[in-house]
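Fold and geometry: a report
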Amino acid sequence: MKQDWYQSAVGYEIYPRSFCDSNGDGIGDIKGIISKLAYLKDLGIDFIWITPMYASPNVDNGYDISDYYAINPEYGTLEDVKDLIQQAHEMGIKVLFDLVVNHTSDQHPWFRDAKSSKTSPYRDFYHWKKGKDNRPPNDWIGFSGLSTWTYDALTDEYYFHLFDQKQPDLNWKNPKLRQAIYDMIRFWLELGIDGFRIDAISHIQKADWDVKLQDSKGDGAYQPFMNVSGIEAYLSDMKAIYEEYDALTVGEASGVSSQEAPKWTGRNGYMTMLFEWEHNYRFETGKGDVVKFIEILDRWQVDMQEQRWLGLYLENHDLPRIIDTFGDGSDSSAKAFAVAYFCLRGTPFIYQGQEIGMTNGDFKTLEEFNEPKMKRRYESYRQLLADKEAFERAKAWSKDNARTPMQWDASCYAGFSTVKPWLRVNSQYREKNIALAQKDEQSVFYLYKNLINLRHHSQAIAVGNYQRILVGHEAVFVYQRQSQTESCLILVNLTAEKVSISMPKVIRDKNWRLVLSSEKEGLKLKKSLSLPAYFYAVYQI
Ligand code: NOJ
Ligand code: CA
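This is a predicted model, so every value here is computed, not measured.

Here we look at the overall build of the chain
Counting secondary structure elements, the chain contains 15 helices and 20 strands. Here the chain has a C-alpha radius of gyration of 23 Å; the compact-globule value for 541 residues is 24 Å, and the two agree. When burial is assessed residue by residue, the chain has 60% of its 541 residues classed as buried. Relative to all contacts within the chain whose residues are 6 or more apart in sequence, the contacts with residues 24 or more apart total 69%. Of the roughly 21,700 Å² that the chain leaves accessible, carbon and sulfur atoms contribute 48%. Within the chain, the 74 negative side-chain charges are centred at a point lying 4 Å from the centre of the 64 positive side-chain charges.

Structural notes on unusual backbone geometry
If you check the backbone angles, Asp133 has positive phi at about 50° while not being a glycine. Mapped onto the elements of the fold, Asp133 is located in the loop between strand S6 (128-129) and strand S7 (149-152). Asp133 gets classed as exposed once you look at its relative accessible area, which sits at 63%. We note that Ala414 has phi near 60°; this positive angle belongs to a residue other than glycine. Here Ala414 is to be found in the loop between helix H11 (387-396) and helix H12 (434-438).

Some remarks on the pattern of salt bridges
All told, the structure shown has 25 salt bridges when counted by the stated rule. The salt bridge partner of Arg17 is Glu74, with a shortest N-O separation of 2.9 Å. Placement of the pair is Arg17 in the loop between strand S1 (11-14) and helix H1 (30-35) and Glu74 in the loop between strand S4 (67-71) and helix H3 (78-90), with a sequence separation of 57 residues. A salt bridge links Arg123 to Glu157, with the shortest nitrogen-to-oxygen separation between them at 2.7 Å. Placement of Arg123 in the loop between helix H4 (109-116) and S6 and of Glu157 in strand S8 (residues 157-160) is noted, with a sequence separation of 34 residues between them. The exposure classification of Arg123 matches that of Glu157, with both residues buried.

Overview of the environment of Phe125
Note that Phe125 resides in the loop between H4 and S6. Sequence-distant contacts of Phe125, defined by excluding residues within four places in its chain, comprise Trp110, Asp169, Leu170, Asn171, Asn174, Lys176, Leu177 and Ala180.

Structural notes on the coordination of the calcium ion (ligand 2)
Around the calcium ion (ligand 2), the donor atoms from the protein are Asp21 (OD), Asn23 (OD1), Asp25 (OD), Ile27 (O) and Asp29 (OD), and they sit 2.2 to 2.4 Å away. As a motif over one chain, the donors of the calcium ion (ligand 2) read D-x1-N-x1-D-x1-I-x1-D. Each member of the pair, Asp21 as well as Ile27, carries the same accessibility label: buried.

Brief notes about the sheet that holds strand S11 (residues 273-275)
Whether parallel or antiparallel, the strands of a sheet pair through hydrogen bonds between backbone atoms. The strand order across the open sheet built from eight strands is S11-S10-S9-S5-S2-S1-S13-S12, with neighbouring strands paired in parallel fashion. Since the sheet does not close on itself, it has two edges, and those belong to S11 and strand S12 (311-312), each with one partner. Where strand S10 (residues 248-252) lies against S11, three bridges are found, and the strand directions are parallel. The residue bridging Gly251 from the neighbouring strand is Leu274, located in S11.

Quick notes on the rules
- Residues numbered from 1 in each chain as written.
- Chains lettered and ligands numbered in written order.
- Predicted model: local features only at pLDDT ≥ 70, side-chain atom pairs only at ≥ 80, totals over all residues.
- Heavy atoms only, no water.
- Helix = DSSP H or I, 4+ residues; strand = E, 2+ residues; numbered from the N terminus.
- Rg over C-alpha atoms; globule rule 2.2 N^0.38 Å.
- Buried < 20%, exposed > 50% of the residue type's maximum accessible area, 1.4 Å probe, protein only.
- Contact = heavy atoms within 4.5 Å.
- Areas by Shrake-Rupley, 256 points an atom, 1.4 Å probe, with all protein chains shown as cover.
- Lys, Arg positive; Asp, Glu negative; His and termini not counted.
- Charge placed at Lys NZ, Arg CZ, Asp CG, Glu CD.
- Salt bridge = Lys/Arg side-chain N within 4 Å of Asp/Glu carboxyl O.
- Donors = N, O, S within 2.8 Å, 3.2 Å for Na, K, Ca; no water.
- Pairing = 2+ DSSP bridges.

Note that all results are geometric; they support no functional claim without further evidence.
In C-alpha cells form, the structure reads like this:
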C-alpha cells in the first residue's frame, strides 16, 4: 500500500505567545520556539503548526493581520523565521504557518485605503454595501454573535466581517485580491515553510446578499457563509500552488459536513486534510457529552474512508482543555481521551501542554482574561445568574483556558519567562510541568511518546481502515484498524465509572498481543468484561 509521509506523522500546534519567552518580555517568541526544538524532537513529533506571527494589532492575537509579509516584532524578525526553518529542518521537523485569508486587520493598508474613499483601488478588496433606508444590507449574524455589517460614516456604507469588526472580510470575487493572496502564499513557500494550516477557509465565499437568515437550512445562522457554492474555484487555484511546492495543507473547515468533506481532501481534494468542527460540541456549562463525541468521531471516520484524510485533534488554542470539558480533571481521563483519538484514521495533532494534561486556566477575575468576548459573555450570563455562577459559566467557554503559558518546569512563571507573562500562569504548574513529567514514566507525557512511536511504526494505525465495534456501552469506544498486514484493536472507557461490556466473538477469538494499557497486564478479551474507569488498551496482531 502506498503511504504518504503525513499518514504516519504527528503534528504539534504552537501558540507562540504562550510557548516560550526568550528575551524576558513576558511574551513567547520565535527564538523561544527554536530553543525548544530539541524538546519537540525528543517528544517525537514530525511537524509543527505555528499560529499567526505576522504583523498584527492583536485584536485577535495575530488572526488580524496588518502586513502579510512582516513578522510581528514581539515574536522576532524574518531572519529568526529563516533560522527556525533551518534548524527545524536539520532536526527533521517540518514547519507549517497559519494562512489567514478570509479577512485582514482593519489596520491593513488595503483596508485603510479602501476605507478612505469609494474610489480607492482597494475598495473592492473588501465587501461594501448599504441596505434599504440606510440599514445594513441583510440580517446575517457573524461568529461574534453580532451583525456582520459595520457602518462607516466617511463613505456612508457598511463593510462586512464574520469575526470582529476590526477583521473585515476579503472579497474573493475580485481577481486582483486573489492574485495578491496567491503571491503571498508563494512568498512563504519560497521562504521554505512546508505548508499551512488554513484559517476559516470554508467561509471565503458568501451567499448572495439578499439571502435571508430565515431561508437558510440546517445550521441556521451561519449557512450563508459555510462552504457556499463558488468556493471550489478559489480552492482549486490555491491547490495548484500548494502542489508546486509539495506543501502540506490542513484546512479549518467548519460548516463542511462529513458528507461534503470527502471532496475537500485526499489526492483529488483541495487540501491534504481538514479539521472538522463538529466534535467540539460542549454543553453550555463547558462540559462535553462523551456519547455524542464518540458518535461524531465515528461518523467522520466512516464518511472519510479511502483516500480522504482528517487532521485529528482534541485541543487547540480556541477550546477549553479536554481534561476539564470531557474528562474529570484527572490524568487518567487525559490518557483515555489521548488513546481514543490518536489511533483513528488521520494525522493527530497535539496542542502545546496537552502532552502533560494541562488543565483550564485558573483565572480569578475578569481583568485577568485577554479574550475580548469574555466580558460580553459574562455580562449576558449576569442578567440571569448570580455573579459567581455567571463568571464560572463565561470562564468555562473562554479561549484563554488553553492559552495560559506553557509549563516547562517548577521555577517562577513555570520556566516560560523570567517576568510576569502576558497571561496568568496556571498555578498547577509546580505539580504539572514538562520537567516533572519527563521524570515519571507513568505521566501523560510518556503515553504520548508511546502513541507517537506506535503511529510511526504501525501500518494499521497509519493507513489501515476503520471499523467501530459495538460492545453494549455507548461511552466505551472500541475500534479496529486494519491494513493488509496488521490489525490493531483500540479499547477505551471514556467514563469515570467502572463499566461492563461484552466483547463480540469475532474479536475475542483473535490472538491479540497487548501493546499498551492503563492496566499493567491489560485485560484478557473475554465475553464479559469489566472495565475500570478510564481504562484503555491497544492490542495488535
Ligand atoms: C479560527 C482561529 O483558530 C481563531 O483563533 C480565530 O479567531 C478565527 N479563526 C478568525 O481568524
Ligand atoms: Ca519574548
